[in-house]
Amino acid sequence: MTYIFYIALLFMMVGVALAAIRFVKGPTAGDRSVALDTLTTIMVAALVMLAYIFDRYIYLDVALVYGVLGFIGVIVLARYLEGAL
Amino acid sequence: MKKFIVIITLATLGFYLGQTFYELGFGDARFEHGVKDIYLEKTVSELHVANTITSIIVSFRGFDTLGEVTVLFLAATALGGILYKRRHHVGDRSVLFSASRIVRSGSKLLFPAVILLGVYVFVHGHLSPGGGFQGGTIVATGFLLMLLAYENFKVSHHVLSYIESFAGIFFVLFGLAGFYNGGTFLENFMPVGTMNNLFSGGVIPIIYILVGFKVAAELTGLIYTVLHEKD
Amino acid sequence: MENLKLTDKLSRFIVSWILLMIVWIAFTTSFAAQELLVGVGITAIIAFFTIPFFTCCTLTILSPTRVFYMIYYLFVFTWELIKSNIDVARRVLTPSLPINPGIVKFKTKLTTDYSRMVLANSITLTPGTLSIDIIDDTFYVHWIDVKTTNPEEAQKEIAETFEKILLKIF
Amino acid sequence: MSLLFEIIGGALILIGSIFLLLGGLGILRMPDVYNRLQAGTKATTLGGMSLILGVGFLKVEDDWTWMVKALIIVIFIAFSNPISSHALARAMYKRKRYPLIKNDDGNMDAYKEVSENIKKEDKK
């Protein structure tokens, strides 16, 4: 059972690394925002996974709040890119 | 005349507060191994609170929290003061144009849930790693979502300042009630209940709810002021 | 925001109260009397102040046939989501990147804002499509592999499965 | 029974992490921002949902509260991800980053003619 977690964490780590490459490479602000959006969702999943590994129910709340704040952050970025701010 | 009354009231209040604080004797008590063990022990035995940080922030070191809340209040007031003149020149739009229909409907649907999440975080401040500051921030973020999606979303400045002021006043009143009953600022004077229940921890949840309201109102006011300052 | 009859307001209030109460129970995950009591109070206050925003539905949304169609929609949606992910996986893992992107438009029969939002979200999560905008009743959709630029055919290809069910819900 | 839940949970976690990986790979490989959004949104939505549900399934027998919280997070992700990706796509179009089109036959970009008028309409 533990191996599944190692494999899953490895996959997620590679996913985060690939998204981070896009985040650094750009080339436009929109591409970076897309990468940020992807990273947010991966991090929410990672937080839930850590909640299970450390057996802390409380971390799920943290994941939920992080999801909400990440979503609103991406909306802020999108509205800024749109020229509405 | 009005100013005179205010000054007299403030002076009297200040005099009595100063006298009380002078008699307190800050720093007289000495603990041989620091205070950490006493905090840990008292949190469980006296306050019945699951979250030690909460009890330290709100009860043992409640006076510091008052200072933090004051800093936030001053920041909000200062920003309001700086942007005050320009705000009156600009119309009542928070963003230049409304978002698309999808974003608008989505934020309408999510807004109550985000507010509820914030309220959940600060009501459960003494049971989970949340608290007044965090919950208040989430509530303010919900308002940010609406202000970004709609160009004419209104938040009443009067209501915000009333909430803020009353929360601040009640914070200080509860603290002074601690003086009256126990001897230190924010000393617990209410029944503590059993651990891990919602109604437990005596005065801590009430203080956290007040802090939550205050932070939410302040940050919403800040966001509102900043977004309306343009053109 | 708009002028409503009292019955409309009441019915919106009750729907959003029930929904928020479910969310509250899910947040606290406890059926202790204290939590429920506090929850009823808080959700009532929030529901009261959000009557002008929560315009999606009146009490009629909770009728059995509609609830049945909602659950049916959920299953259809999940199946489409899985299909779309296999599609994405196939495209990403093929070395030559088989894509033929473009933007197509089609008209929808749905009338309310909320049903259009649900349709747009579903389109975003189904194979190869991403909704870009809705203007009046026209959807503009980015399609990763354009098969047709004709609006009627595009509507059949992209939206018909969801639209049929959504028309029965809203 | 507990073995069944363990198998379901483990499988969901594995599938979820694979799709999260594919999401990262998708936004790296795709040629323009709309295709990146497509790959990123779809893959991370299903990946995150399935991984979180998997954790819920692993815990469902000791502690049902995990499953409820997991469901709330899943519903939130399924709701918010498409909205944010739609907002980003529309913002990018407004910044005149037109989508890459391979076989142009004249009407492959139906949004172009209306996108000019929207901005004026919205600004009124």
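Just so it is clear, the model here is predicted, and its values are computed rather than measured.

S.K.: What should I look at first to understand the overall build of chain C in this one?
M.R.: Along chain C, the regular secondary structure elements total six helices and three strands. Counting helices and strands in the order they occur from the N terminus, chain C gives α-α-α-β-α-β-β-α-α. Relative to the 2.2 N^0.38 estimate, which gives 15 Å for 170 residues, the radius of gyration of chain C is 20 Å and therefore markedly larger than a compact globule would have. Seen through its C-alpha atoms, chain C measures out along the principal axes to roughly 60 × 35 × 30 Å. Across the 170 residues of chain C, 51% fall into the buried class. Pairs at least 24 residues apart make up 67% of the contacts formed inside chain C by residues separated by at least 6 positions. Accessible surface for chain C amounts to roughly 8100 Å². Of this, 68% is attributable to carbon and sulfur atoms.

S.K.: So what exactly am I meant to see when it comes to the interface of chain D and chain B here?
M.R.: It is common to give the size of an interface as the accessible area that goes away when the parts come together. Listed per partner, the contact involves ten residues of chain D and twelve residues of chain B. Here chain D meets chain B over a buried area of about 940 Å², counting both sides, of which 73% is carbon and sulfur. There are one residue pair in polar contact (both at pLDDT 80 or more) connecting chain D and chain B. Looking at the side of chain D that touches chain B, the elements that each hand over two or more residues are α3 (64-94) and α4 (112-123) of chain D. At eight residues, α3(D) tops the list of elements feeding residues into the side of chain D that touches chain B. Its residues assigned to classes, the side of chain D that touches chain B comprises four nonpolar, one polar and five charged.

S.K.: Hey, could you run me through the interface of chain D and chain A in this one?
M.R.: Taken together, the contacts link 45 residues of chain D with 46 residues of chain A. A buried area of about 4100 Å², summed over both sides, lies between chain D and chain A, and 78% of it is on carbon and sulfur atoms. On the chain D side of the contact with chain A, D:Leu28, D:Trp66 and D:Leu88 bury the most area, a combined 15% of that side's loss. Taken together, chain D and chain A are joined by four salt bridges. With a closest N to O distance of 2.6 Å, A:Glu82 and D:Arg90 form a salt bridge. At the junction of chain D with chain A, the criterion picks out ten residue pairs in polar contact (both at pLDDT 80 or more). Mapped onto the side of chain D that touches chain A, the elements with two or more residues apiece are α1 (2-29), α2 (33-59) and α3 of chain D.

S.K.: Would you mind showing me how to read the domain arrangement of chain C here?
M.R.: Residue and element names in this part refer to chain C. When cut into domains, chain C gives domain 1 (6-62) and domain 2 (64-169). Centre-to-centre separation of domain 1 and domain 2, based on C-alpha positions: 31 Å. If you look at the interface, domain 1 gives six residues, while domain 2 gives six residues. Summed over both partners, the interface of domain 1 with domain 2 buries about 460 Å², with 59% contributed by carbon and sulfur atoms. Our enumeration of links across domain 1 and domain 2 arrives at zero salt bridges. Applying the counting criterion to the domain 1 and domain 2 interface returns zero residue pairs in polar contact (both at pLDDT 80 or more).

S.K.: Looking at this structure, I do not really get α3(D). What am I missing?
M.R.: Helical geometry: 3.6 residues make up each α-helical turn, so side chains three or four residues apart lie on a common side. Residue and element names in this part refer to chain D. When the terminal C-alpha atoms of α3 are compared, their 46 Å separation across 31 residues agrees well with the 45 Å that a helix rising 1.5 Å per residue should span. In terms of burial, α3 is largely enclosed, as 26 of its 31 residues are buried. At the C-terminal side of α3, Lys 96 shows a positive phi close to 65°.

S.K.: Looking at this structure, how should I read the pattern of salt bridges?
M.R.: Pairs may arise between side chains of opposite charge once their charged atoms sit close together. A full pass over the atoms with the stated rule returns 13 salt bridges over all chains. The residue A:Arg79 makes a salt bridge to A:Glu82 at a minimum N-O spacing of 2.9 Å. Here A:Arg79 and its partner A:Glu82 are both found in helix α3 (residues 58-82), three residues apart, which amounts to about one turn of the helix. Among the salt bridges present, the one from C:Arg90 reaches C:Asp87, with a minimum N-O distance of 3.3 Å. A residue pair is termed a helical-turn pair when its members lie 3 or 4 positions apart in one helix, as C:Arg90 and C:Asp87 do in helix α3 (residues 64-93) at three residues. Here C:Asp87 falls in the buried class, since its relative accessible area comes to 14%. Through salt bridges with shared partners, a single ionic network connects A:Arg79, A:Glu82, C:Asp133 and D:Arg90.

The rules behind these values
Residues numbered from 1 in each chain as written. Chains lettered and ligands numbered in written order. Predicted model: local features only at pLDDT ≥ 70, side-chain atom pairs only at ≥ 80, totals over all residues. Heavy atoms only, no water. Helix = DSSP H or I, 4+ residues; strand = E, 2+ residues; numbered from the N terminus. Rg over C-alpha atoms; globule rule 2.2 N^0.38 Å. Buried < 20%, exposed > 50% of the residue type's maximum accessible area, 1.4 Å probe, protein only. Contact = heavy atoms within 4.5 Å. Areas by Shrake-Rupley, 256 points an atom, 1.4 Å probe, with all protein chains shown as cover. Buried area = accessible area lost by both parts, 1.4 Å probe. Polar contact = N/O pair within 3.5 Å; in protein donor to acceptor, adjacent residues only side chain to side chain. Nonpolar A, V, L, I, M, F, W, Y, C, P; charged D, E, K, R; others polar. Salt bridge = Lys/Arg side-chain N within 4 Å of Asp/Glu carboxyl O. Domains from an automatic or database assignment. Expected span 1.5 Å × (residues − 1).

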